[in-house]
Amino acid sequence: MTTDGNQAVTLILGIETSCDETAASVVENGRVVRSNVVASQDALHERYGGVVPEIASRAHIERIGPVIDDALRIAGVEFNQLDAIAVGNRPGLIGSLLVGVSAAKAMAWSAGKPLIGIDHVRAHLYAASLLDGSGSPVTLRENAPNEPETQYPALGLVVSGGHTSLYELDAPTELRLIGRTIDDAVGEAYDKAAVILQLGYPGGPKLDLLAQTGDANAYKLPRSLLNKQSLDFSFSGLKTALLYTVRGYPKRRGDESYFEKSADELTDRQRRDMAASFQAAAIDALIIKLRRAHDQMAGGGRKPESLIIGGGVSANSLLRQRVVELGGELGLCVHLPRMAYCLDNAAMIAGLADHEFRLGHFDDLSLPAVATISS
Ligand code: KG4
Ligand code: ZN
């Protein structure tokens, strides 16, 4: 711990390599982002239309050293000033996770610094607490212009390429899973929908942009709600409904099924309207479950004070607008991450690790990389 005047300052280095972004960041006192370096691998995976695990882990090995060096240099922090080394060690692609975990262990061991393993999905929920400390322009968060500390209990939603999960939170480090997808994650559904509509890679942001120019009522697509009480999600039916809207119902010829129509035949107008209709259905399903979770918490005497959103899909224009409206209606303070912290990054890892650091929760060199979600 260093001091700034009379104030104690903690500086934590975060490392994130769970999927296809190699990232490192230095965060001060859990909230002020001193650097946020992300080396995207999009260009390497684009031709395959998705992340190729073997290519991802090899690219992490090449990039991790320079990315960490850049994060320290931009932050203006010497290695020996760090209080701890934090790493996203679960869940993710095992070969990718191992690169970050090995780097973090090597640094922690060689410098005698505490090592802290962080759950990637939980870190996404922390991203909305991060402030921009680099002096670059800041977009104030909707509904929270004064950057207040999050009030608890809170309702949290993580929407990413691998997860769609609802949590009840009592603190950044104390959360309970109350709902999750039973099939595709919402980001995965966006990416697949973008493939069906032939929009290119990465699909989510492209579909979002196109949807803003279309008519959301042009096509009727399903909002899967499961049973009346359920807080779980399902997006595979929506994806299939879009596929049939684009290509018609599959026909059979002997043992084979085939489509009569191709996405090549879509007009510009149809493509925009389908994107908008898909986006409306996907986001509606999220909003309906958020409202239901709020009502169930309130009914149990734990009305949430805040609504926290995180993960790649929290960059979505319609979701951002709809959660702000929902927060206004239900009297919740809405915390959305700045755009820089929606997608995978290491600042969210370092920020959440600051709370574990203050609680004295450290890991030793046996810290494993774990591919599956904890809960
Ligand atoms: O959190 P993230 O970077 O990685 C995971 O942990 O999965 O999320 C990536 C996901 C991808 O599926 C991407 O298509 C989606 O977030 N995404 C979006 C938008 N920006 C990113 N989906 C919808 N609208 C967006 N604007
Ligand atoms: Zn993520």
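Source: prediction; values computed, not measured. (Residues numbered from 1 in each chain as written. Chains lettered and ligands numbered in written order. Predicted model: local features only at pLDDT ≥ 70, side-chain atom pairs only at ≥ 80, totals over all residues. Heavy atoms only, no water.)

This brings us to the domain arrangement of the protein chain. Examined at the domain level, the protein chain breaks down into domain 1 (2-133 + 342-358) and domain 2 (158-168 + 174-336). Centre-to-centre, using C-alpha coordinates, domain 1 lies 29 Å away from domain 2. Taken together, the contacts link 15 residues of domain 1 with 16 residues of domain 2. Around 1,400 Å² of area is buried between domain 1 and domain 2 when both sides are counted, 69% of it from carbon and sulfur atoms. Counting the surface domain 1 buries against domain 2, the share from its top three residues, Val121, Leu125 and Cys342, is 41%. Where domain 1 packs against domain 2, one counts 0 salt bridges. Put simply, domain 1 and domain 2 have 2 residue pairs in polar contact (both at pLDDT 80 or more) between them. Looking at the side of domain 1 that touches domain 2, the elements with two or more residues in it are helix 1 (42-45) and helix 4 (120-126). Among the elements that take part in the side of domain 1 that touches domain 2, helix 4 stands out by supplying 4 residues, more than any other. Looking at the side of domain 1 that touches domain 2, its residues break down into 7 nonpolar, 4 polar and 4 charged. (Domains from an automatic or database assignment. Contact = heavy atoms within 4.5 Å. Buried area = accessible area lost by both parts, 1.4 Å probe. Salt bridge = Lys/Arg side-chain N within 4 Å of Asp/Glu carboxyl O. Polar contact = N/O pair within 3.5 Å; in protein donor to acceptor, adjacent residues only side chain to side chain. Helix = DSSP H or I, 4+ residues; strand = E, 2+ residues; numbered from the N terminus. Nonpolar A, V, L, I, M, F, W, Y, C, P; charged D, E, K, R; others polar.)

Attention now goes to the packing of aromatic side chains. One pass over the full model with this rule turns up 5 aromatic pairs. Ring geometry for Tyr190 versus Phe278: centroids 5.2 Å apart, planes at 90°, classification edge-to-face. In this pair, Tyr190 sits in helix 5 (residues 186-196) while Phe278 sits in helix 8 (residues 268-299), placing the two residues 88 residues apart along the sequence. Look at Phe278 and you get buried, because its relative accessible area is 0%. On the numbers, 6.4 Å between centres and 50° between planes, the contact of Tyr244 with Phe259 is tilted. A residue pair is termed long-range when its members are at least 10 positions apart, and Tyr244 in helix 7 (residues 236-247) and Phe259 in the loop between strand 13 (256-258) and helix 8 qualify at 15 residues. For Arg253, the ring lying beneath its charged end belongs to Tyr258, and the centroid distance is 4.0 Å. Positioned over the ring face of Phe233 is Lys289, at 5.6 Å from the centre of the ring. (Phe/Tyr/Trp six-rings, centres within 6.5 Å; stacked < 30°, edge-to-face > 60°. Buried < 20%, exposed > 50% of the residue type's maximum accessible area, 1.4 Å probe, protein only. Lys NZ or Arg CZ within 6 Å of the ring centre and 35° of its normal.)

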